[in-house]
Amino acid sequence: IIKGQRITQVFVCGLATDFCVLFTALDARILSDAQVFLVKDACRALSDAGEKDAFMKLDYEGIRVVHSTDKVISQIGAALPAPTVCPGRKSP
């Protein structure tokens with residue numbers, strides 16, 4: 001879905017870091033040209049060992065682990081153009 005959509009960054013979070021979140025991040029890395037980030041403090045692993053293994057895999061694949069307070073998060077949307085209204089359509 002994201003390939004060819006001009007998506008440059010993907011931020012992944014959720015439950016469980018060591019399964020669903022990990023494989024979603026890996027899929028995003030493999031299936032797109034986007035830079036992929038995992039937001040660590042917005043995730044929870046099922047086990048400490050699983051989390052450690054997941055972070056090793058993410059690091060190996062070049063997926064950056066960030067926190068919700070990191071600068072890269074605060075810049076989301078800063079470079080996006082202002083939304084446009086379709087011609088002939090009234091604004092809400």
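Structure's up top.
Residues numbered from 1 in each chain as written. Predicted model: local features only at pLDDT ≥ 70, side-chain atom pairs only at ≥ 80, totals over all residues. Heavy atoms only, no water.

Remarks on the pairing of strand β2 (residues 35-44)
As defined by bridge partners, strand β1 (residues 9-15) adjoins β2 across 6 bridges and the pair is classed as parallel. Bridge pairing in β2 places glycine 14 opposite cysteine 43. Between the parallel pair β1 and β2, the chain is carried across by helix α1 (residues 17-31), and the sense of this crossover is right-handed. Strand direction decides the pairing type here: β2 and strand β3 (residues 64-66), joined by 3 bridges, are parallel. Looking across to β3, one finds that phenylalanine 37 is bridged to arginine 64. Tracing the backbone out of β2, into helix α2 (residues 48-60) and back to the parallel element β3 gives a crossover that is right-handed. (Pairing = 2+ DSSP bridges. Helix = DSSP H or I, 4+ residues; strand = E, 2+ residues; numbered from the N terminus. Right-handed = clockwise from strand over helix to strand, strands pointing away.)

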